[in-house]
Structure formats: C-alpha cells, structure tokens
Amino acid sequence: MKAVLYFILIPALLPVFLILRYVYLLDRNEREPLGFVLKVVLWGAIFSIPCAGVESFMISFIGSIYDPATIDYAWMENTIGVALVEELSKWLVLMLIVWKNKNFDYRYDGIVYAVSASLGFAALENILYIISYGTGVSLGRAIFAIPGHATFGVFMGYWLSRAKACWLHGKLNRMRLCKLFSLGIPMLIHGAYDFLLSDQVASLELRSFFFIYVVILDFFAWRVIKHEFRTDRHL
C-alpha cells in the first residue's frame, strides 16, 4: 500500500513542492509563516473539490447556446466554463483566508499566497489525474499544467497586492478595479491556455501556438516575480 501511495504522490506532488519552495524562499523581507502558507495550499485543494461539478453544469449550459463544433463554443467553454470556475475558487481562498490576515503586509506576499492557493488546487487535480490515467501523464503535467496554475497565480497575486495597498490607503474604487483584475486576468490567460489545447483549435492546425504562448506567459510571470521581490516593500 505504501509503495502505491509513493508511486502516486511523489510524481503528483514533487513539482508542486519545488515551485512552492522557489517562490517561498524568494520572500526575503519578512518571510511568511510556513504553517499559514501550507494552510492556504490546503484550502486551495479543498476549494477545488466542487469545481468539477460546477464546470460540468457550466459547460452543459454553454453547449445549449453555442454549437460545440465552433471556435466560439471552445472559447466560452474554456474561459467561462473552466477558467472562471477554477480561478474563482482560488480567488475565494485568498478573499476568505488571506485578505485580512496580518501576514499579508508586503507586496510580494500576494504572489506567495496566490501561488500557494493555485498549487493546492493543482496538487489535488494532479493526484486525481495520476490515479485516473497513471504516472504516464505526470511528466506532461509537471512541465505544463502545474507551472501553468502557478503562473496564473502570479498574475492573481500581483493584482491582489495592489488591491490590498489601495484598501489600506482608502482608495476603494481603485481597490475594486484591482480586485477585478486579480480575477479577470488569470481567468483570461487560463482560458486562452486551455483554448489553444482544444479540439477545435487543433482542427485548424494552430496547436503550435500553444507552445509559443506558454513560453511567453512563463517569461512574463518570471519577470513579474523578479520585479516584485526586488522591489518588495510594505503595503
């Protein structure tokens, strides 16, 4: 039994651990309490549980409006039916668990917590994929899916920190706009990520754009991380 668990958990969780460790250790001003970070990871996993049912409902609803063979359907399915549901679940973790917590007091903290929630989501998703399809999927998911979720978290955290700073300084309208960006931007880049993998796009022989998109997305996420920890300051 232990061997089976290791066979599933090691390939599922190792990339999650490595990415989280990298992002966490960059936080040099006032490193976040590890216990609280792990709590956010856990809640990210818990909030992912109802997503499959909500996604199924949303996709069915979208299918009643759009022809499933069309590009329009593929875009709506992947942005509204999948990306909005998944990014909203992570965003709610941040709103309910992190937003008013005293430890969220530096600009880089937003990235730490958003990536933590995203990796919690990705960890449970990865475990379920490996249980369902075997460890053969673990390499592809380690290269693309898990870093993808972390990347979406980087952009969510960037705007969440801006929203928190605006809230602390009484700029409530700007805070609302930054909160909207903290959900909307990850939703759009996540939706585009999944859209480029859809069968409808594959039929147009545009799948190669996915790899270009991932490289560009990862580059900008890396630049955001570097900028945020180098210019980190109290909110």
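Scroll up to find the structure this text is about.
Residues numbered from 1 in each chain as written. Predicted model: local features only at pLDDT ≥ 70, side-chain atom pairs only at ≥ 80, totals over all residues. Heavy atoms only, no water.

Peer 1: Which residues make up the overall build of the chain, and what values go with them?
Peer 2: Looking only at helices and strands, one finds nine helices and zero strands in the chain. Beginning at the N terminus, the succession of helices and strands in the chain can be written as α-α-α-α-α-α-α-α-α. Against the compact-globule benchmark of 18 Å for 235 residues, the chain has a radius of gyration of 18 Å, which places it among compact chains. Principal-axis analysis of the C-alpha atoms gives the chain an extent of 50 × 50 × 30 Å. The long-range share in the chain, meaning contacts at least 24 apart out of those at least 6 apart in sequence, stands at 79%. Entry remark: accessible area of the chain is about 12000 Å², with carbon and sulfur atoms responsible for 69%. Within the chain, one finds 21 positive and 18 negative side-chain charges whose respective centroids are separated by 12 Å. (Helix = DSSP H or I, 4+ residues; strand = E, 2+ residues; numbered from the N terminus. Rg over C-alpha atoms; globule rule 2.2 N^0.38 Å. Contact = heavy atoms within 4.5 Å. Areas by Shrake-Rupley, 256 points an atom, 1.4 Å probe, with all protein chains shown as cover. Lys, Arg positive; Asp, Glu negative; His and termini not counted. Charge placed at Lys NZ, Arg CZ, Asp CG, Glu CD.)

Peer 1: How would you explain the side chain of E77 if you had to name every residue and give the values?
Peer 2: Tracing the sequence through the fold places E77 in helix 4 (residues 71–98). For E77, the residues in contact, after removing those within four places along its chain, are I59, I62 and V82.

Peer 1: Please provide a residue-by-residue account of the packing of helix 2 (residues 34–48) against helix 5 (residues 109–133), values included.
Peer 2: Running from N to C, helix 2 and helix 5 point in directions that differ by 45°, and their axes come no closer than 7 Å. The angle between helix 2 and helix 5 places the two elements in the oblique class. Helix 2 and helix 5 meet at a crossing whose hand is right-handed. Seen from helix 2, the contacting residues are F36, V37, V40, V41, G44, A45 and S48; seen from helix 5, they are V112, Y113, S116, A117, G120, F121 and L124. Here the contact of helix 2 with helix 5 is composed, by residue class, of 10 nonpolar, four polar and no charged. (Axes fitted to C-alpha atoms, helices over the stretch in contact; angles between N-to-C directions. Parallel < 35°, antiparallel > 145°, perpendicular 65-115°, else oblique. Left-handed = near helix turned anticlockwise from the far one by under 90°. Nonpolar A, V, L, I, M, F, W, Y, C, P; charged D, E, K, R; others polar.)

Peer 1: Would you mind going over the packing of aromatic side chains in detail, with residue names and values included?
Peer 2: Following the criterion strictly, the structure yields 15 aromatic pairs and no others. Here the aromatic rings of Y158 and W159 are separated by 5.2 Å at their centres, their planes lie at 80°, and the arrangement is edge-to-face. Using a relative accessible area of 23% as the deciding quantity, one classes Y158 as partly exposed. Since its relative accessible area comes to 22%, W159 is described here as partly exposed. Note on Y193 and F210: the rings are 5.0 Å apart at their centroids and 75° apart in plane angle, and the pair reads as edge-to-face. With Y193 in helix 7 (residues 172–195) and F210 in helix 9 (residues 208–230), the pair connects residues that are 17 residues apart, well separated along the chain. (Phe/Tyr/Trp six-rings, centres within 6.5 Å; stacked < 30°, edge-to-face > 60°. Buried < 20%, exposed > 50% of the residue type's maximum accessible area, 1.4 Å probe, protein only.)

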